[in-house]
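Survey of secondary and tertiary structure
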Amino acid sequence: MTKISVRKNIIRVASTFIILTTMVFISSVKAETTTEDYNKLRSIFSEERISLMSEEEKAMYTENEVNVNEKLYKGTLTANGTYSYEEIDPSLEDDIRNNAGVSTLDVTYSTTYKKISLIDTALSNNGHYLSVYTQWLIVPATQSFDVTALRVEDATIVEGTQYGLQVYIKNGTTGSVNYSPNGTNIRKADNGFGISMNLVNGASYYETEISANVIATSQSAKAYGTYQHAVTDLTLDASQSYTISHNGFGRVLNFATGVQNYYDGMNGVSLSLSYS
């Protein structure tokens, strides 16, 4: 497991427990943010994602302790139509992006690369702001209902703080799709939640994120995140045929038998949550 702690980029300050439910578009990130803070954000997020952050969200990530478990996976399509995955060195990310070049709709990749991160921002009173953040290094051949999910142990998700975001680049322009805590794309459970996101057709870049406020309830508190890619077209209803369980993909998503083969089965990420 590759664990990245954002150490020299962290400022430890007293913090308040905040709920982020809206995103505000900022046309020039560097004009609104100091170079030091921008570099802190870029150590975790893409330029596209930062451009969609509110000032409150930026402050949360730059003024609190942030731990990140980041993994880069290479997926290969097997002869029987399933994917096999291997974890590779995150330092290869730039080479993979450069070699992939500019993706077009008439290109089909049998090998996929995804970087998935579980981001834990420590707040006060055993509070945590958790995000499961996934970036595609190349464009997937199928754009359908992918599912990102979070599961917690010895912790409670604060109802109403669940949020989802899809960021994409299409025709050279960055766009986004927001997912609310009470929308049709979310499926909730006592121990977590998942959001189905229909990847925007025809884009040249994708990333997705789900997040929520979480309160750790013991020293054994832990969080698990996963991103499951649909390898064939399917409906929203089919994508939501799952339970949140340690027996599922990434120790989070347990799909129904008739649906599980529609997803690539990539491993997930996990972090222990601080408690005092």
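Scope of this entry: the structure provided in the associated data block.

Parameters and conventions
Residues numbered from 1 in each chain as written. Predicted model: local features only at pLDDT ≥ 70, side-chain atom pairs only at ≥ 80, totals over all residues. Heavy atoms only, no water. Buried < 20%, exposed > 50% of the residue type's maximum accessible area, 1.4 Å probe, protein only. Helix = DSSP H or I, 4+ residues; strand = E, 2+ residues; numbered from the N terminus. Pairing = 2+ DSSP bridges. Phe/Tyr/Trp six-rings, centres within 6.5 Å; stacked < 30°, edge-to-face > 60°. Lys NZ or Arg CZ within 6 Å of the ring centre and 35° of its normal. Salt bridge = Lys/Arg side-chain N within 4 Å of Asp/Glu carboxyl O. Axes fitted to C-alpha atoms, helices over the stretch in contact; angles between N-to-C directions. Core = buried A, V, L, I, M, F, W, Y, C linked by side-chain atoms within 4.5 Å. Contact = heavy atoms within 4.5 Å. Parallel < 35°, antiparallel > 145°, perpendicular 65-115°, else oblique. Nonpolar A, V, L, I, M, F, W, Y, C, P; charged D, E, K, R; others polar.

Right, let's talk about the pairing of strand β11 (residues 192-198) for a bit. In terms of burial, β11 is a largely internal element, six of the seven residues being buried. In this structure, strand β6 (residues 145-153) lies alongside β11, joined through seven bridges in antiparallel fashion. Within the sheet, the bridge partner assigned to Thr148 lies in β11 and is Ile195. Pairing of strand β10 (residues 186-189) with β11 involves four bridges; the strand directions are antiparallel. Note on β11: the bridge partner recorded for Lys188 is Phe193. Hairpin geometry of β10 and β11 is characterised by an intervening segment of two residues between the two adjacent antiparallel strands.

As enumerated under the stated definition, the model contains seven aromatic pairs in all. Seen in terms of ring centroids, Tyr61 and Tyr129 are 6.4 Å apart; in terms of plane orientation they differ by 65°. Their pairing is edge-to-face. Of this pair, Tyr61 sits in helix α4 (residues 55-62) while Tyr129 sits in strand β5 (residues 127-136), and the two are 68 residues apart along the sequence. Three or more aromatic residues joined by ring pairs make a cluster, and in this case those are Phe45, Tyr61, Tyr129 and Tyr133. Directly above the aromatic system of Tyr224 lies the positively charged group of Arg151, at a separation of 4.3 Å from the ring centroid. Stacked on the ring of Tyr242, the Lys or Arg Arg187 has its end atom at 5.7 Å from the ring centre.

With that out of the way, let us pick up the pattern of salt bridges. Applying the stated criterion across every chain yields a total of nine salt bridges. With its nearest N and O atoms 2.7 Å apart, the salt bridge here joins Glu57 to Arg49. Residue Glu57 is classed as buried on the basis of its relative accessible area, which comes to 1%. For Arg49, a relative accessible area of 1% gives the class buried.

This part is about the sheet that holds β10. Strands sit in the order β10-β11-β6-β13-β16 across an open sheet of five strands; the sheet is antiparallel. Edge positions in the open sheet fall to β10 and β16 (269-272), since each of these has one partner strand only. Neighbour to neighbour, the strand axes of the sheet diverge by 10° on average, direction disregarded.

A word on the nonpolar core. One finds Leu150, Val152, Phe193 and Leu273 to be the most contacted residues of the largest nonpolar core, which totals 34 residues. The element that contributes the greatest number of residues to this core is strand β12 (residues 205-216), accounting for five residues. In this view, Phe193 contacts Thr148, Ala149, Leu150, Ile157, Gln162, Ile186, Arg187, Lys188, Ile210, Ser211, Ala212 and Ile244; residues no more than four positions away in its chain are not counted.

Among the secondary structure elements, Ala230 is positioned in the loop between β13 (222-228) and α6 (236-239). A relative accessible area of 0% places Ala230 in the buried class. Distance in space between the C-alpha atoms of Ala230 and Ser144 is 6.1 Å, their sequence separation being 86 residues. Contact partners of Ala230, with chain neighbours within four places excluded, come to Thr142, Ser144, Phe145, Asp146, Tyr262 and Tyr263.

With that out of the way, let us pick up the packing of helix α2 (residues 35-42) against α4. One can describe the packing of α2 onto α4 by two numbers: an axis separation of 10 Å at closest approach and a directional angle of 80°. If you check the angle between α2 and α4, you find them roughly perpendicular. Between α2 and α4, the residues in contact are Asp37, Lys40 and Leu41 and Lys58, Tyr61 and Thr62, respectively. Class assignment for the residues of the contact of α2 with α4 results in two nonpolar, one polar and three charged.

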